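Chains, contacts and geometry: an overview
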Amino acid sequence: MTPLDWVVLGTYLVGIVSFGVWAGRGNKAMDDFFLAGRKMRWWAIGLSVMATQISAITFVGTTGQAYTDGMRFLVVYFGLPFAMVILCLTLVPFFYRARVFTAYEYLEQRFDARTRTLTSLLFLLSRGMAVGVTLYAPSLVLSVILGWGESTTILVMGGSTIVYVLYGGNKSVIWTDVVQMGIIWIGILLCFGVAVAQLPAGFGFRDALALAQTTERLRVMDPSPSLTAPYTLWSGLIGGLFLMLAYFGCDQSQVQRYLSGASLTQSRLSLLFNAFLKVPMQFLILLTGVLVFVFYHFHAPPLLWNAVQMRRLQERADPRDLAALQGRFTAAHEARRRAAEGYARSREADAATAYLAAESALQAVRGDAVRLVERVNGGARYNDTNYIFPTYIVSYLRGGLAGLVLAVIFAAAMSTLAGEFNSLATATMIDFYKRYFHPSGSAAHDLLVSRLFTGLWGAFACLIALQAGRLGSAIEVVNRFGSYFYGSILGVFALAVLTPRASSAGAFYGLMAGMAAVALVSRFTAVHFLWYNVVGAVVVFAVGLALSALSPRAVGHA
Amino acid sequence: MGHSKRMDQPPDDPVPIFGTWPRIYAAVIVAALASMALVALFSAWAY
């Protein structure tokens, strides 16, 4: 990090907090604080929806995943455009016309209070945990760069976000998201351009793609019908569809964004805006990760991406073992570089075979290094996927670009955190505090308590983040955790809007059955987590309909 | 039915492009299918 990088990063942090406070002025009631006065335009909401979804985990985790595993993860987003259309046809009109603050509030209008309370509680549990992981991921960045403790980073990032969300509410969230999304797009295009420009002389973009293709890192479409294989075309299209329906339709952190629309048309357009842009954006991020993989054929990668763990290894491992391992790694990297150049020159099958053998040899040495770290750490699992991209940024970006890309990672994290703090506070305030404890507070009282809940959720997120380092690949952790509840909650909303026959008892016990089904599938089968949402939603819908038909009053609230 | 118990429907903006909402949805789906086809082509292309 050069002084210029620090100036860029510092300017971003001070600027975004100041702008957030300025943009959020003038809140007088909960309607202003939670829904920005219901006056927002589609493009602002659309950018905010996108910024809320693209967390730092997306930026850091998926580039690392593309480096190690390729672009298969893209299929998760294939269901998104279809989900947006379905939501515009179904849930969005119901939410908008019901003039609710939370998605779960609508369930009380349609079913009963217990269904609303349970779904809102599940949101608070799952999103409350996920927001901690969202906060944790960027802390990896600074721990690599400066040797700072992750705790310090967590408190700086979480604290600065809390300041403007606590003051300005949803108006601050949306307007800072607009700015942050602009910064994120600039950063994505910049990273992509730099990764291409840094390929060695005589080794073009096409050569890079050929090399990546040889290792199957460009493979996106896996047509396997297997339910256990990760990221197949079908799990992406079907599982991804259900995941996106649940996330955008039933997760308050997204619903709250489009409930802020000045009209139903504005709300719908904001989602369709995402339907157009999300897949290309994710494609660029993943491709950048693949290009970083190619880049490290011609520049020496570290033995371990986590510099802190590398230092620990140097302190605790036998120096002769470590030196021998480092020597084997350097030799294997050099052999892979030569093989890659040979393949780029000839493009013949023999050269491809030689290159793949060299790649396997390098990965075998890496595997030995990982096992050594795990042994030194008493058997604790070691995964440094999330450290790959940050290491690349600080090692090879110059002229303030490292600071700018780090600002992008901060922007991605803070935009997601802001939306989540705001939505967690909204669900707590509307679905619990005002519903059960203090329904008739003055506007000033409600505003004060809303800010208090925002601050408390921010503090809770910081606490969870401090424990998140023990979890695995952050991107998978977030999606996996949400998948335990998401599909079942989606099933309840499907019962609410798709069939007039669904009763409140059917919805409530159907929800229980759906969660039990997901827990059983998760515990006793190897089905990939993207299918959990499908299982949950289908079981809730089927059980809910059956119970509704059996109940004395089959027709729901008339 | 509960979801027919609607509030007074707030005034809405006119459909912004393509004349009707079904046409807008169709455009989104066509764009999604086209992007998937392009991704498939990108993956399978012999570089």
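Every chain is numbered on its own, with residues counted from 1 as its sequence reads. Here chains are named by letter from A upward and ligands by number from 1 upward, in the order in which they appear as written. Only residues with pLDDT of at least 70 are given local features in this predicted model, and only at 80 or more are side-chain atom pairs given and counted; all residues enter the totals for whole chains, interfaces and linings.

The helix and strand inventory of chain A stands at 22 helices and zero strands. Overall size of chain A, expressed as C-alpha extent along the three principal axes, is 75 × 50 × 45 Å. For chain A, the proportion of its 558 residues judged to be buried stands at 57%. Within chain A, residue pairs in contact and separated by at least 24 positions form 85% of the contacts whose partners lie at least 6 positions apart. Comment: elements are numbered from the N terminus, with helices defined as DSSP H or I runs of at least four residues and strands as E runs of at least two. Around each residue's C-beta, the other C-beta atoms within 10 Å are counted; 20 or more make the residue buried, 12 or fewer make it exposed, and counts in between make it partly exposed. All C-beta atoms are placed from the backbone. Two residues qualify as being in contact provided that their C-beta atoms, derived from the backbone, are within 7 Å of each other.

A word on the overall build of chain B. Looking only at helices and strands, one finds one helix and zero strands in chain B. Residues counted as buried form 15% of the 47 residues belonging to chain B.

Residues and elements named next belong to chain A. Note on placement: alanine 354 falls in helix H16 (residues 349-376). Since 19 C-beta atoms lie within 10 Å of it, alanine 354 is described here as partly exposed. For the pair alanine 354 and arginine 336, spaced 18 residues apart in sequence, the C-alpha to C-alpha distance is 8.8 Å. Ignoring anything within four residues of it in the chain, the contact list for alanine 354 reads Ala339 and Gly342.

Turning next to helix H18 (residues 401-437) of chain A. Residue and element names in this part refer to chain A. Take the number of residues in a helix, subtract one, and multiply by 1.5 Å to get its expected span. When the terminal C-alpha atoms of H18 are compared, their 51 Å separation across 37 residues agrees well with the 54 Å that a helix rising 1.5 Å per residue should span. Its maximal kink placed at methionine 429, H18 deviates by approximately 35 degrees. Of all 37 residues in H18, 30 are buried, a share of seventy percent or more. Axes are fitted to the seven residues ending at a residue and to the seven starting at it; the angle between these axes is taken as the bend at that residue.

Looking now at the confidence of the model for chain A. In regions of low pLDDT, the predicted coordinates are not meant to be interpreted in detail. All names here are of chain A. Every residue gets a pLDDT, meaning the predictor's confidence in that residue, from 0 to 100. Mean pLDDT for chain A: 89, with 95% of residues reaching 70 or above. Within chain A, helix H20 (residues 474-498) has the poorest average pLDDT of any element, 77, and helix H5 (residues 80-89) the best, 96. Under a pLDDT of 50 for its full length, residues 554-558 has, in the predicted model, 18 contacts with residues more than four places off or in other chains.

The subject of this paragraph is the confidence of the model for chain B. The share of residues in chain B with pLDDT of 70 or more is 77%, and the mean pLDDT across the chain is 80. Per-residue pLDDT stays below 50 along residues 1-8 of chain B; that stretch engages in 15 contacts with residues further than four places along the chain or on separate chains.

Looking now at the packing of helix H4 (residues 56-69) of chain A against helix H13 (residues 264-298) of chain A. Residue and element names in this part refer to chain A. Orientation is described by lines fitted to C-alpha atoms, with helices fitted over the stretch in contact, and by angles between N-to-C directions that extend from 0 to 180 degrees. The N-to-C vectors of H4 and H13 enclose an angle of 50 degrees; their axes lie 7 Å apart at closest approach. Our classification of the angle between H4 and H13 gives oblique. For the element pair H4 and H13, the recorded crossing hand is right-handed. Contacts between H4 and H13 involve Thr58, Phe59, Thr62, Thr63, Gly64, Gln65, Ala66 and Tyr67 on the former and, on the latter, Ile285, Leu286, Thr288, Gly289, Val290, Val292 and Phe293. Angle categories: roughly parallel below 35 degrees, roughly antiparallel above 145, roughly perpendicular from 65 to 115, and oblique for all the rest. The hand of a helix crossing depends on one turn: near helix anticlockwise from the far one by less than a right angle means left-handed, and clockwise means right-handed.

The subject of this paragraph is helix H9 (residues 150-197) of chain A. For H9 of chain A, spanning 48 residues, the distance from its first C-alpha to its last is only 32 Å, which falls clearly below the expected 70 Å at 1.5 Å a residue. The largest bend along H9 of chain A measures about 125 degrees and falls at glycine 168 of chain A.

Let us look at the interface of chain A and chain B. Contact with chain A, which involves 38 residues of that partner, is made by 22 residues of chain B. For the side of chain A that touches chain B, the element with the highest residue contribution is H13 of chain A, accounting for 10 residues. Residues are grouped as follows: Ala, Val, Leu, Ile, Met, Phe, Trp, Tyr, Cys and Pro are nonpolar; Asp, Glu, Lys and Arg are charged; every other residue, Gly included, is polar. Counted by class, the side of chain A that touches chain B contains 26 nonpolar, seven polar and five charged residues.

Another aspect to go through is unusual backbone geometry. Residue and element names in this part refer to chain A. For arginine 38, which is not glycine, the phi torsion reads 50 degrees and is therefore positive. A tally of 19 C-beta atoms within 10 Å means that arginine 38 is categorised as partly exposed. Within the chain, arginine 99 stands out as a residue other than glycine whose phi angle is a positive 55 degrees. Of the residues examined, arginine 99 has 16 C-beta atoms within 10 Å and is grouped as partly exposed.

Moving on: the packing of helix H14 (residues 307-316) of chain A against H16 of chain A. Residue and element names in this part refer to chain A. Axis separation between H14 and H16 bottoms out at 10 Å; the angle between their running directions is 70 degrees. It follows that H14 is roughly perpendicular to H16 by the angle criterion. For the pair H14 and H16, the contacting residues are Gln309, Arg312, Leu313 and Arg316 in the first and Leu372, Val373 and Val376 in the second. Of the residues assigned to the contact of H14 with H16, the class counts are four nonpolar, one polar and two charged.

On to the environment of leucine 13 of chain A. Residue and element names in this part refer to chain A. By secondary structure assignment, the location of leucine 13 is in helix H1 (residues 3-23). Note on leucine 13: 17 C-beta atoms within 10 Å, which makes it partly exposed. Along the chain, leucine 13 and serine 160 lie 147 residues apart, while their C-alpha atoms are 8.0 Å from each other. Those residues within four positions of leucine 13 in sequence are excluded, and the remaining contacts are Ser160 and Phe410.

This brings us to the environment of glycine 64 of chain A. All names here are of chain A. Relative to the assigned elements, glycine 64 resides in helix H4. Between the C-alpha atom of glycine 64 and that of glycine 37, which follows or precedes it by 27 residues, the distance is 40 Å. Once residues within four sequence positions are removed from consideration, glycine 64 is found in contact with Gly289, Thr385, Asn386, Ile388 and Phe389.

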